[in-house]
Amino acid sequence: GILLSLTYLKEQEVNGWAHSDTQGLFKSVCMVSEPPENAVYFCVQRTIPGVNGGVPVQYVERMHSRNMLLNGVADVSQAWFVDSGLQYTGPSASSVGGLWHLEGATVTILADGNVEPSQVVSGGSVSVSHAASTITVGLSYTAQLRSLYMDIPGGSTVQGKRKKITAINVRVSDTRGLKACSGPIFQDMVEIKERTTQAMGQPIPLITGDERVIVNPRWETTGQICLQQDNPLPAQVLALVPEINIGDS
């Protein structure tokens with residue numbers, strides 16, 4: 001029921017495993033050649049309150065491409081980070097239908113790049129607070145990243161010594177909505193604030209560059225960093241640069 005995935009960058013001989021879960025169980029997976037890409041399909045067993053009397057059903061779902069380009073530029077309104085989702089594009093609408101496969105389920109909504117409050121699908125539809133021309137609706141999931149144990153290259157090891165992280169510089173690409181904390185436990189998460197001078201009602205643009213967040217410091221030995229994304233928004237982390245104090249000297 002858990003999806004295991006391997007990312008392999010041949011040119012740099014780098015690979016990394018990850019696991020993904022969903023509001024259901026992954027039962028099988030296959031790849032279908034759909035030029036210009038190889039599409040990944042899943043058979044997922046889900047229990048949706050208003051579908052089939054709450055008896056589990058099997059859905060065939062396709063992994064959406066990580067392509068958020070609009071007129072050649074990454075645009076948050078094009079983000080698709082939901083499970084079992086559908087996307088409406090067209091004239092501005094205050095509600096969308098056709099969501100019968102999620103009847104009775106609590107869904108997450110992205111409307112023209114703005115995160116809407118979660119809703120329960122009723123009558124196959126949901127509404128949004130402001131009319132939007134691109135609305136993405138689906139089941140939510142939480143993405144988490146935890147760094148490896150900290151060490152300082154080129155000097156004596158600091159592994160096993162108590163360390164306190166006071167702030168984190170996160171280098172990102174086309175990202176929004178991250179939270180961070182000093183690990184190894186995902187607790188006391190601090191949201192990375194990104195709204196500056198955008199007009200009211202306009203979505204916060206995706207960020208590429210370095211973002212600094214002050215976290216709640218605590219002494220511990222692993223020196224790990226935790227990041228979390230629990231919104232239907234993109235997050236691509238390129239580097240983590242902690243500001244630390246080292247004890248046990």
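Criteria and cut-off values
Starting from 1, residues in each chain are numbered consecutively following that chain's sequence as written. With the structure being a predicted model, the display of local features is reserved for residues of pLDDT at least 70 and the display and counting of side-chain atom pairs for 80 or more, all residues being used for whole-chain, interface and lining totals. In computing side-chain properties, one takes all heavy atoms of the structure into account and sets aside hydrogens as well as water. For this analysis, a salt bridge means a side-chain nitrogen from Lys or Arg found within 4 Å of a carboxyl oxygen belonging to Asp or Glu. Strands here mean DSSP runs of E at least two residues long; helices mean DSSP runs of H or I at least four residues long; both are numbered from the N terminus. Summary of the burial criterion: residues with accessible area below 20% of their type's maximum are buried, those above 50% are exposed, and those between are partly exposed, where the area comes from a 1.4 Å probe applied to protein chains only. Should any heavy atoms of two residues lie within 4.5 Å, those residues are counted as being in contact. Put simply, a nonpolar core is a bunch of buried Ala, Val, Leu, Ile, Met, Phe, Trp, Tyr and Cys residues held in one set by side-chain atoms that sit within 4.5 Å of each other. Being paired, for any two strands, means DSSP has found at least two bridges between them. Angles here are taken between N-to-C directions and fall from 0 to 180 degrees, while the axes themselves are lines fitted to C-alpha atoms, restricted in helices to the stretch in contact. Grouping into patches uses exposed residues only, defined as over 30% relative accessible area, and leaves out salt-bridged ones; the cut-off is 9 Å for like charges and 5 Å for nonpolar side chains (Val, Leu, Ile, Met, Phe, Trp, Tyr). Computed with a 1.4 Å probe, the accessible areas rest on the Shrake-Rupley method; for each residue, only the protein chains presented here act as cover.

(A) Just the pattern of salt bridges, in detail. Taken as a whole and assessed by the stated rule, the structure comprises eight salt bridges. Here Glu 61 ties to Arg 46 by a salt bridge, and the two come within 2.8 Å at their closest N and O atoms. Of this pair, Glu 61 sits in strand 5 (residues 57-62) while Arg 46 sits in strand 4 (residues 37-46); the two residues are 15 residues apart in sequence, bridging distant segments of the chain. For Glu 61, a relative accessible area of 14% puts it in the buried group. Given a relative accessible area of 1%, Arg 46 falls into the buried group.

(B) Structural detail: unusual backbone geometry. Residues Pro 35 and Pro 36 are joined by a peptide bond in cis, for which omega reads 10°. Among the secondary structure elements, Pro 36 is positioned in the loop between strand 3 (25-34) and strand 4. Residues other than glycine seldom take positive phi values, yet Glu 13 does so here, at roughly 50°. As for its position among the elements, Glu 13 is in the loop between strand 1 (3-9) and strand 2 (14-20). Assessed through its relative accessible area of 68%, Glu 13 is described here as exposed.

(C) Representation of the side chain of Ser 173. Positionally, Ser 173 belongs in strand 13 (residues 163-175). A relative accessible area of 17% means that Ser 173 is categorised as buried. Look past the residues within four positions of Ser 173 in its chain and what remains in contact with it is Ile 207, Thr 208, Gln 236 and Leu 238.

(D) Spotlight on the nonpolar core. Among the nonpolar cores identified, the biggest contains 18 residues, and Leu 102, Val 107, Ile 109, Val 126, Ile 135 and Val 137 are the most heavily contacted of them. Looking at this core, the elements with two or more residues in it are strand 5, strand 9 (106-111) and strand 11 (126-139).

(E) A look at the sheet that holds strand 10 (residues 114-120). With antiparallel pairing, the four strands of this open sheet are ordered in space as 8-11-9-10. In the strand order of this sheet, the two ends are held by strand 8 (83-96) and strand 10, each with one partner. Neighbour-to-neighbour, the strand axes of this sheet turn through a mean angle of 30°, independent of strand direction. Two elements, strand 9 and strand 10, share five bridges in a ladder whose sense is antiparallel. In the sheet register, Val 107 faces strand 10, and the bridge partner there is Gln 119.

(F) Seen up close, the sheet that holds strand 17 (residues 225-229). If you trace the four strands from one edge of the open sheet to the other, you get 12-17-14-15, paired in antiparallel fashion. In this open sheet, the two strands that pair with only one neighbour each are strand 12 (143-146) and strand 15 (190-191).

(G) Inspection of a nonpolar patch on the surface at higher detail. Residues Ile 2, Leu 4, Leu 6, Tyr 8 and Trp 17 make up a contiguous nonpolar surface patch of roughly 610 Å² in combined accessible area. Considering each element in turn, the nonpolar patch owes the most residues, three residues, to strand 1. Mapped onto the fold, Leu 6 is located in strand 1.

(H) The arrangement of the environment of Lys 193 in detail. With respect to the secondary-structure elements, Lys 193 resides in the loop between strand 15 and strand 16 (207-214). When its relative accessible area of 69% is taken as the criterion, Lys 193 is described as exposed. Counting along the chain gives 18 residues from Lys 193 to Glu 211, while the straight-line C-alpha distance between them is 9.1 Å.

(I) How the structure looks around the pairing of strand 17. In terms of burial, strand 17 is largely enclosed, as five of its five residues are buried. The alternating pattern of strand 17 places Ile 225, Leu 227 and Gln 229 and Cys 226 and Gln 228 on opposite faces, both of which are buried. Where strand 12 and strand 17 come together, four bridges link them in antiparallel fashion. Paired with Gln 144 across the strands is Gln 228, a residue of strand 17. The sheet contact formed by strand 14 (residues 179-182) and strand 17 spans four bridges and is antiparallel. Its bridge partner being in strand 17, Ala 180 is matched across the sheet by Leu 227.

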